[in-house]
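# Close look at the chain arrangement
Here is how the chains run, residue by residue.
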Number of protein chains: 2
Amino acid sequence: MRRVSVFFVLAFVASLEIMCGQEALWSASSRLLSPEINSDNSVTFRYMAPEAKSVKVTGDFLPKSKLETEHGVLELPGFAELVKDDATGVWSFTTAPLMPELYLYNFLVDGVYRLDPLNLAVTRDIASFTNRLLVPGEESDAYNVNKIPHGTVHKTWYDSPTLGMERRITVYTPAGYETSGESYPVLYLLHGMGGDENAWLENGRLAEIMDYIINKGDAEPMIVVLPNGNPRMPMSPADDRLHTPIPTTDEYRVADGSYEASFPEIVGYIDCTYRTVADKMHRAIAGLSMGGFHTMQISKEFPDMFDYVGLFSAATPGRVRVDGIGLYSDLELKLQKQFGASPALYWIAIGRDDFLYENNVAYRAILDSARHCYEYVESEGGHTWRNWRNYLKIFASRLFKHVNL
Amino acid sequence: MRRVSVFFVLAFVASLEIMCGQEALWSASSRLLSPEINSDNSVTFRYMAPEAKSVKVTGDFLPKSKLETEHGVLELPGFAELVKDDATGVWSFTTAPLMPELYLYNFLVDGVYRLDPLNLAVTRDIASFTNRLLVPGEESDAYNVNKIPHGTVHKTWYDSPTLGMERRITVYTPAGYETSGESYPVLYLLHGMGGDENAWLENGRLAEIMDYIINKGDAEPMIVVLPNGNPRMPMSPADDRLHTPIPTTDEYRVADGSYEASFPEIVGYIDCTYRTVADKMHRAIAGLSMGGFHTMQISKEFPDMFDYVGLFSAATPGRVRVDGIGLYSDLELKLQKQFGASPALYWIAIGRDDFLYENNVAYRAILDSARHCYEYVESEGGHTWRNWRNYLKIFASRLFKHVNL
């Protein structure tokens, strides 16, 4: 009787917290599941809405729809209609069997986007919140939290005198860092436009991937640094601002070379604060989209800093040139210097459907005409986190191997 | 012309990312603001929905509604109707002037709960996602990200042989920790039922509060440790599970003493991994609700471990006793031993409207009858994060002062 009583008190605390919250959907009595991964890797979505007139699901596992614009054809996520069970008020939809992958989805209830109230896995990408689901299998295992040694994620701050502010930065240290006493090589990993120092963690599953490929022996233990590439922001606007508006594209769209020029401040802070091997042979830099543009600019601007360079779906200069801006000028001359020092790896990857594909063709033509050596990987798909997670797995597994030769 | 071109390419990347996302609401051209803090500290909410029939806002700044249940009267958040401007399709509502505070809110669009798509500040509490807004002023300044030295937040893992798993734990180290070489006292800070190792960070604004009170000189520099108090979970279900259901109350509702018994594993891990002063004089423990229950049990079970004890709206045993379970038995005897060693501070705080108020009256009667010395603070309000953030500010400012006497 006494056992029952303390359980009751604590359960009552929980119930009260829920009732005062916004969604009273957490309960022991109803165990409605959504999403449910079925044994054939199809996925069933469920949504309780007796009064709704229409419930749809949209996600990157559905066939895409096309939208023609003045800039070309855009691919948009597809939709599927859920069907209502009138007896219970529960709407449901089951997909075809899906490939093992990390997928994103939302519901659309009577025309209003909504998170799945039965799924706590929520990811922010720019200004959108979406639910995550993982279809398990070898191909997606690296994105899960596995029972293997885990690294530590540090959310810390560095001083940038040239940008005039303290700035938040995320640092991953590999399992064992706290006690090993050893020094580690460092990968600097840059996000795209609209991203921030959280992007590779949340959408890129950085910690899970690194834990996985290091534990498997595919990658060397390394530190990974995730800076914020928006030079006007001290930190992610999702964490920083409690009452100020979502940044505009003008606030994100800063391509004046100031961030790239400030990069030695980041490397200096990391080398001072963490146990790194502070030389070129033990430093890599890579980035996606705008972060690929940053990677290209930073690595050529500081040719003695990084021995490994990765451009993931990079917004490279190609047909468009940016020689007018200080740091961006004299591209060929600076590339000549960078490649003259024979980087250990200059790696370019892009999907065949990426809208930056032709841009990359043009950039590779610049490299080819000067006979600079690089590796090129062309994948399926477009400008997606799915590709960038894969590129990270491949690129990170290539790093710092020469150290042991 | 060339400058314009690179800007265009990058902006196009951003546009595409948005169009492929779920909410195409981020744009440079429309700068609809929500929430907007007006000069008199009233707040205007705006929501674009030309087709909607009803838009409401619900939040903890509105007068509460009461709900009678068999367990007593529950207070629920109030609602306010937004009014539509037919010309623009924008709904809006302006509050009365508000006290400086951190508030939570959601929209209700045609009966469907929805996040504010114009506000990136989103907080999870148990299974609910809500938007945050901060009305600025001295009382709420500690909850903002201020231009002061910042500590580091570490998301790391410790091994619990008694619970049979690696478990994630959050650790705050104060500004300067990385370079000072000094050792620090430690506050162990526990969450409530339904919370996890993220709860004090997200809802409690732990890092912002500690940065603020340490910088102001109100509190000593200290390490703060946020463990996960759900003994069946290795980590927050929001981060861990990509396709498994929201935990039931049965999964959270574990009161068997196993977590409390395992606590020396946490203290041992922290003392091994961080530069702590590893003695009783330099250790504090506090917790809210279920975490207050844990704090009471752990501190009396290990009377040589903590010199400072804080119970915030604690689910203390009072009218309900739990002597039937091993670690929870012999309460008076164990309290006798704990108070016999004269803890530097035993601090109890609760709001007058808290549903656990009478429980705390009964627990204080137990302490009083044995003439144990403690401090008692009674505040306005109930079982809310608003109170717990305040209690943290007060309690943390009382810690480790004797070291300098």
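Residues numbered from 1 in each chain as written. Chains lettered and ligands numbered in written order. Predicted model: local features only at pLDDT ≥ 70, side-chain atom pairs only at ≥ 80, totals over all residues. Heavy atoms only, no water.

## Considering unusual backbone geometry
Residue and element names in this part refer to chain A. Cis geometry is adopted by the peptide bond preceding Pro-35, which originates at Ser-34 and carries an omega value of -10°. Locating Pro-35 in the fold gives a position in the loop between helix H1 (2-20) and strand S1 (36-37). A positive phi angle is found at Asn-41, which is not glycine, with a value near 70°. Positionally, Asn-41 belongs in the loop between S1 and strand S2 (43-48). At Ser-289, a residue that is not glycine, the phi angle is positive and equals roughly 55°. Topologically, Ser-289 is positioned in the loop between strand S17 (283-288) and helix H9 (290-301). On the basis of relative accessibility, which here comes to 0%, the residue Ser-289 falls in the buried class. (Helix = DSSP H or I, 4+ residues; strand = E, 2+ residues; numbered from the N terminus. Buried < 20%, exposed > 50% of the residue type's maximum accessible area, 1.4 Å probe, protein only.)

## A short note on the pattern of salt bridges
Applying the stated rule across the entire model yields 28 salt bridges over all chains. Between Glu-197 of chain A and Arg-168 of chain A there is a salt bridge, and its shortest N-O distance comes to 2.9 Å. With a gap of 29 residues between them, Glu-197 of chain A in the loop between strand S15 (186-190) and helix H3 (199-202) and Arg-168 of chain A in strand S14 (residues 165-173) connect regions that are remote in the sequence. Residue Glu-301 of chain B is joined to Lys-334 of chain B by a salt bridge in which the shortest nitrogen-to-oxygen separation is 3.0 Å. Here Glu-301 of chain B is found in helix H9 (residues 290-301), whereas its partner Lys-334 of chain B is found in helix H10 (residues 331-340), with 33 residues between them in sequence. Through salt bridges with shared partners, one network takes in Arg-168, Glu-197 and Asp-239 of chain A. (Salt bridge = Lys/Arg side-chain N within 4 Å of Asp/Glu carboxyl O.)

## Describing the side chain of Asp-116 of chain B
All names here are of chain B. Position of Asp-116 relative to the elements: it lies in the loop between strand S10 (112-114) and strand S11 (122-125). In this structure, Asp-116 is buried with no salt-bridge partner, the nearest side chain bearing the opposite charge being Arg-114 at 6.9 Å. Among the polar contacts made by the side chain of Asp-116, one reaches the side chain of Ser-34 at a distance of 2.7 Å. (Lys, Arg positive; Asp, Glu negative; His and termini not counted. Polar contact = N/O pair within 3.5 Å; in protein donor to acceptor, adjacent residues only side chain to side chain.)

## Remarks on the packing of H9 of chain A against helix H10 (residues 331-340) of chain A
Residues and elements named next belong to chain A. Viewed as axis vectors pointing N to C, H9 and H10 meet at an angle of 65°, and their least axial separation amounts to 8 Å. In terms of their interaxial angle, H9 and H10 are classed as roughly perpendicular. The handedness of the crossing between H9 and H10 is left-handed. Listed contacts from H10 to Met-296, Ser-299, Lys-300 and Glu-301 of H9 are Leu-331, Lys-334, Leu-335 and Gln-338. A breakdown of the residues in the contact of H9 with H10 according to their chemical character gives three nonpolar, two polar and three charged. (Axes fitted to C-alpha atoms, helices over the stretch in contact; angles between N-to-C directions. Parallel < 35°, antiparallel > 145°, perpendicular 65-115°, else oblique. Left-handed = near helix turned anticlockwise from the far one by under 90°. Contact = heavy atoms within 4.5 Å. Nonpolar A, V, L, I, M, F, W, Y, C, P; charged D, E, K, R; others polar.)

## Points about the confidence of the model for chain A
Residue and element names in this part refer to chain A. Residues at a pLDDT of 70 or more form 89% of chain A, whose mean pLDDT is 88. In the predicted structure, residues 1-29 sits below a pLDDT of 50 and forms 74 contacts with residues beyond four places in sequence or in another chain. Overall fold confidence for the complex sits at a pTM of 0.91, while the interface term, ipTM, reaches 0.89. (pLDDT = per-residue confidence, 0-100.)

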